[in-house]
Amino acid sequence: MIAIKGPRGAGKTTLMLQYVKYDLGLPETALYITADHTWFYNHTLLETANDWYKQGGKLLIIDEVHKYKNWSVELKNIYDGLPELKIIFSASSALDIYRGEADLSRRVVSYMLAGLSFREYLQFSHKVNFDPVTIGDIYSNHRNLSRTISEKLRPLPAFRKYTEVGYLPIFIEGEDSYLLKLNQAINTIVDTDLAYIAAYNSGTASKVKKLLAVIAESVPFKPNIAALSRKLDLSRDSVYQYIYQLADARLLNTLSTEGKGVSTLQKPDKIYLENTNLAYAIKSKPDIGNVRETFVFNQLHNAGLQIYSPKAGDFVFDGYTLKIGGKNKATTQVKHLDNYLIVSDDIEVGTGNKVPIWLFGFLY
C-alpha cells in the first residue's frame, strides 16, 4: 500500500492517472476512484474494494482519501483481507497516516510530492534540462555550476517569475490566473481538508486565515504566542496547535534550534510560509527579505535536509551555515565560522563564499 501526500496543486492526481495510462497502459484491472464521490453516500470503501477484487481487479487508486470518514480502519481491513489487491492513495499533507484510527504505519510506504524546484520549473517553462546538485557541489563548485547554467538562460528573470508564480505545475494553465487558483487552494485546505482532519469550523478557519496573513506580512515571523492569542482571540495552546497543523498541511514551515524538538507546545524560533508563491497570493508585495529566506528554506526542506536556527546566520544544516541577503550582503555575522555561505540575490555568478540564491533551486 502506497501513500502519496503533498500540497494541493502539486500533481498527485495527475501523477496517479499518468501511472495508470502511461506506465500500465490503462489495464482493465486498475480502478481509480475519488473518496469524495457521491458513490460513497451509500457504499463503503471496503465494500467497493471487495467488489472490485471479485471482478478481477488488481489495483485500486483512491484519491483524497482523507475525505472518507473511516479511511484508516477500512484501508487496514482492505490491506489485511485482500492481500493481492495493490492500493495507492493520495491524501492531504496534513493527514498523519501514522496516527490514524488503525495502525497503518507497518502497512504503508508514504511519499511526499513537493512543489516544483526552480530546476524543475525551468524544465517546464524554458524547456532546458539540468541535473540536480548537492549542497557539497554548491559549496565547492558554485562558480562553474552557475556559469554553465547562465550560458543556457538568464537565471534572474526566470527566478523572479518562479518565486511569484512557479512553485506548482498549474502555472502552465496560465500565469494570470495562478495566484487566484492558489488562493482558492488555500481556502480549500483550511475550509475543507483541515475540516475533515482537524475538525475546523467556519470560525476556526477564519482565525487560521488571519494567522496566515500575519505571517505573510512579517520579515520573517518570530512568533509572540501571547500576542497572537490575544489578536486572534485564541488560547495559547490553540495557536501552537494551528501553527503545527498548518505546517503539516504544507502552508507553513517552522524553524527551531537543534535539539529543541517539534512538540506542538514548543514555540518555533521562526515561522515561514511553505513557499514564496503563497506570499504573493496573500500579499501583493511581500517583504523581499522574507521571500528570499522562504525560498531557501523551502528548497532545502524539499531536498530532505534537516534545517535549524543557528546562533549566527539564518540557517544551519549538515555543518553548513547560511546567511541570506541581497547582492551586497556582508560576511560580518558568519565569517568566523567554518563552512559558511553568503546566499545573495541579484547575482548570476558568485565569488568565494558568496553564492547566487537561485542555485539553491537545483537541489532536487
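Residues numbered from 1 in each chain as written. Predicted model: local features only at pLDDT ≥ 70, side-chain atom pairs only at ≥ 80, totals over all residues. Heavy atoms only, no water.

So, helix α3 (residues 71-81)
Link 1 in the chain: When we look at burial in α3, the residues that qualify are W71, S72, E74, L75 and I78. When α3 is viewed along its axis, its buried side chains cluster within an angular range of 165° and face the same direction.
Link 2 in the chain: Those residues of α3 that are buried are in contact with α2 (45-54), β3 (59-63) and β4 (86-92). (Buried < 20%, exposed > 50% of the residue type's maximum accessible area, 1.4 Å probe, protein only. Helix = DSSP H or I, 4+ residues; strand = E, 2+ residues; numbered from the N terminus. Arc of directions from axis to C-beta. Contact = heavy atoms within 4.5 Å.)

Focus on the nonpolar core
Link 1 in the chain: Core analysis: the largest hydrophobic core is formed by 80 residues, its most contacted members being V296, L322 and F360.
Link 2 in the chain: In this structure, A49, L85, L95 and V108 belong to the second largest nonpolar core, which totals 24 residues. (Core = buried A, V, L, I, M, F, W, Y, C linked by side-chain atoms within 4.5 Å.)

Quick look at the pattern of salt bridges
Link 1 in the chain: In total, this model carries 18 salt bridges according to the counting rule given.
Link 2 in the chain: A salt bridge links D345 to R160, with the shortest nitrogen-to-oxygen separation between them at 2.9 Å. With D345 in the loop between β10 (340-344) and β11 (354-356) and R160 in helix α6 (residues 155-165), this pair connects stretches of sequence that are 185 residues apart.
Link 3 in the chain: A relative accessible area of 1% places D345 in the buried class.
Link 4 in the chain: Here K209 ties to D191 by a salt bridge, and the two come within 3.1 Å at their closest N and O atoms. Of this pair, K209 sits in helix α8 (residues 202-216) while D191 sits in helix α7 (residues 178-198), and the two are 18 residues apart along the sequence.
Link 5 in the chain: Here the residues in one salt-bridge network are R8, D36, E64, K67 and D193, joined through shared partners. (Salt bridge = Lys/Arg side-chain N within 4 Å of Asp/Glu carboxyl O.)

Concerning the packing of aromatic side chains
Link 1 in the chain: The final tally for this structure, using the stated rule, is 18 aromatic pairs.
Link 2 in the chain: The interplanar angle of 75° and the centroid separation of 5.4 Å between the aromatic rings of Y272 and F297 together place this pair among those described as edge-to-face. Note that Y272 is positioned in strand β7 (residues 270-273) and F297 in helix α12 (residues 288-302), a separation of 25 residues in sequence.
Link 3 in the chain: Residue Y272 is classed as buried on the basis of its relative accessible area, which comes to 0%.
Link 4 in the chain: Pairing F317 with Y320 gives two aromatic rings, centres 5.9 Å apart and planes at 35°, and the pair type is tilted.
Link 5 in the chain: Judged by relative accessible area, which is 1%, F317 ranks as buried.
Link 6 in the chain: Taken together, the ring pairs connect F118, Y121, F124, F130, F159, Y162, F171, F295, W358 and F362 into an aromatic cluster. (Phe/Tyr/Trp six-rings, centres within 6.5 Å; stacked < 30°, edge-to-face > 60°.)

What about the sheet that holds β3?
Link 1 in the chain: Across the sheet, which stays open at both edges, the five strands sit in the order β2-β3-β4-β1-β5 with parallel pairing between neighbours. Edge positions in the sheet fall to β2 (30-34) and β5 (109-112), since each has one partner strand and no second. In this sheet, adjacent strand axes meet at a mean angle of 15° when their direction is disregarded.
Link 2 in the chain: The pairing of strand β1 (residues 2-6) with β4 spans five bridges and is classified as parallel. Directly across from G6, in β4, lies its bridge partner S92.
Link 3 in the chain: Sitting on the sheet, helix α1 (residues 12-23) is in contact with β1, β2, β3 and β4, with an inclination near 160° to β4. (Pairing = 2+ DSSP bridges. Axes fitted to C-alpha atoms, helices over the stretch in contact; angles between N-to-C directions.)

Brief notes about α6
Link 1 in the chain: Along α6, the positions that sit buried rather than exposed are P155, A158, F159, Y162, T163 and V165.
Link 2 in the chain: Looking at the buried positions of α6, the neighbouring elements they touch are α4 (118-125), α5 (135-150), α7, α11 (276-282) and α12.

Some points on the layout of surface pockets
Link 1 in the chain: Here the second largest pocket is characterised by a volume of approximately 540 Å³.
Link 2 in the chain: Contributing to the lining of the second largest pocket are 29 residues, with G9, A10, G11, K12 and P169 lying nearest its centre.
Link 3 in the chain: With five residues, α1 is the single largest residue contributor to the lining of the second largest pocket.
Link 4 in the chain: A class-by-class count of the residues in the lining of the second largest pocket yields eleven nonpolar, eleven polar and seven charged. (1 Å grid on protein atoms, 1.4 Å probe; cavity = no way out; pocket = protein on both sides within 12 Å on 5 of 7 lines; lining within 4 Å. Points joined across faces, edges and corners; volume = space filled by probe spheres on them. Nonpolar A, V, L, I, M, F, W, Y, C, P; charged D, E, K, R; others polar.)

Observations concerning unusual backbone geometry
Link 1 in the chain: In the Ramachandran plot, E64 falls in the positive-phi region, its phi being about 55° despite a non-glycine side chain.
Link 2 in the chain: As for its position among the elements, E64 is in the loop between β3 and α3.

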